[in-house]
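# Architecture and fold: a report
Letter by letter, the chains look like this.
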Amino acid sequence: MAVTQAEARRHAQRNRNSLFVEDGEILDVHPFPGEQFIQRIRAPKCAAGALPGSFVHVTCADALPMRRPLSVMRAGDDWIEILFKNVGDGLRALSRKRPGDVISVLGPIGRPFNPDPARPRCLLIGGGVGIPPMVFLADRLRHEARYRPLAILGSELPFPFELATSAIDIPGIDAGTSSTMPLLESWGIPARLTSLAGFPGCHNGFVTDLADRWLRTLSPDDLAEVKIFTCGPTPMLKAVAALAERHGVACEVSLEEFMACAVGGCAGCTVPILTENGKAMKRVCVDGPVFDARSVDW
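### Examining the sheet that holds strand E8 (residues 148-154)
- In space, the 7 strands of this open sheet follow the order E12-E11-E8-E7-E13-E14-E17, with mixed pairing throughout. Each edge of the open sheet is held by one strand with a lone partner, namely strand E12 (203-204) and strand E17 (290-292).
- Pairing of strand E14 (residues 250-254) with E17, which is carried by 3 bridges, proceeds in the antiparallel orientation. Bridging from a neighbouring strand, Glu252 pairs with Asp292 of E17.
- Strands in contact with helix H6 (residues 207-215) are strand E7 (121-127), E8, strand E11 (191-195), E12 and strand E13 (226-231); relative to E7, the strand with the most contacts, it is inclined by about 165 degrees.
- Across the sheet, helix H8 (residues 234-247) is in contact with E7, E13 and E14; its angle to E13 comes to roughly 170 degrees.

### Describing the pairing of strand E5 (residues 79-85)
- Most of E5 is tucked away, with 6 of its 7 residues classed as buried.
- Where strand E2 (residues 36-42) and E5 come together, 7 bridges link them in antiparallel fashion. Looking at the pairing, Ile38 lines up with Leu83 of E5.
- Pairing of strand E4 (residues 68-75) with E5 involves 3 bridges; the strand directions are antiparallel. Considered in E5, the bridge of Arg74 is made with Glu81.

### Regarding H8
- Given a rise of 1.5 Å per residue, 14 residues ought to cover 20 Å, and the 20 Å separating the end C-alpha atoms of H8 matches this to within 8%.
- Those residues of H8 that fall on the buried side of the exposure criterion are Met236, Leu237, Val240, Ala241, Leu243, Ala244 and His247. Within H8, the buried residues cover an arc of 160 degrees as seen down the axis, which keeps them to one side. Facing away from the buried side of H8, by more than 90 degrees, are the exposed residues Pro235, Glu245 and Arg246.
- On its buried face, H8 sits against E7, H6, helix H7 (220-223), E13 and E14.
- Phi turns positive, to about 70 degrees, at Gly248, one or two residues after H8.

### A closer look at the pattern of salt bridges
- According to the stated counting rule, one finds 17 salt bridges in the structure shown.
- Put simply, Arg74 and Glu81 hold a salt bridge, and the shortest N to O gap is 3.9 Å.
- Its salt-bridge partner being Asp297, residue Lys279 comes within 2.6 Å of it at the nearest N-O pair. Here Lys279 is found in strand E16 (residues 278-283), whereas its partner Asp297 is found in the segment after E17, with 18 residues between them in sequence.
- The partly exposed category is assigned to Asp297, whose relative accessible area is 29%.

The rules behind the values
Residues numbered from 1 in each chain as written. Predicted model: local features only at pLDDT ≥ 70, side-chain atom pairs only at ≥ 80, totals over all residues. Heavy atoms only, no water. Pairing = 2+ DSSP bridges. Helix = DSSP H or I, 4+ residues; strand = E, 2+ residues; numbered from the N terminus. Contact = heavy atoms within 4.5 Å. Axes fitted to C-alpha atoms, helices over the stretch in contact; angles between N-to-C directions. Buried < 20%, exposed > 50% of the residue type's maximum accessible area, 1.4 Å probe, protein only. Expected span 1.5 Å × (residues − 1). Arc of directions from axis to C-beta. Salt bridge = Lys/Arg side-chain N within 4 Å of Asp/Glu carboxyl O.

Printed below as a string of structure tokens:
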């Protein structure tokens, strides 16, 4: 089912007062191994409206007219942070920006994650450049006492942060899997890392392996309180969706697709979604990027 002109107009009207284009000033640039970069950008309008799962569409260079979609990793009073890997001409140009440089930022865009108070055990699973939305979601959840987040993050590149040994015990996960993200540790959020690259203290396997191990320790009543939130490469998302189905737990996925306009006009980022009226092509930019995992036609 194609997106109709009427649907496109409705979405445009829905986003009319929530999307902003502003000149974002680069405040900080932190390079990490594997040609990864974290940038903090002063963009107060985007920061004020950003929610976990939101992304921004940024101009990387004057000579490159096409913007690039990047997930928001953190948002402060007047700034946002993004994490990206140096792939392609656009992100290479963006990686060369320095504090004081200005880029055009369009956002915040997309449907965010939707935590459920009836499912307070939040399992956050992020892979590679899918880590940022999990950090943003963890930041929001830590301010609400009812939620009990656990993060499992995976990467085959060096992680875009210094590994730390966690002092937070996680029942069901062996003591040898001890590395964590320092930021999450400082927030008091239990987290563990996985990789096939042999990084110290990381589980030698996939994120789904470690998540499955933890889920198997839970009672049926505990499982009924679990909701999974995940972002990463499509094969990982498909595996996480299958894991959630196997354990009978709710799951939301943030899909990744190439985008042109990122505001629903071009319909270039459509994916097949199962609806009550049958299969429909939905746009990742405005209908997502977050979808119920059971609705995605993998």
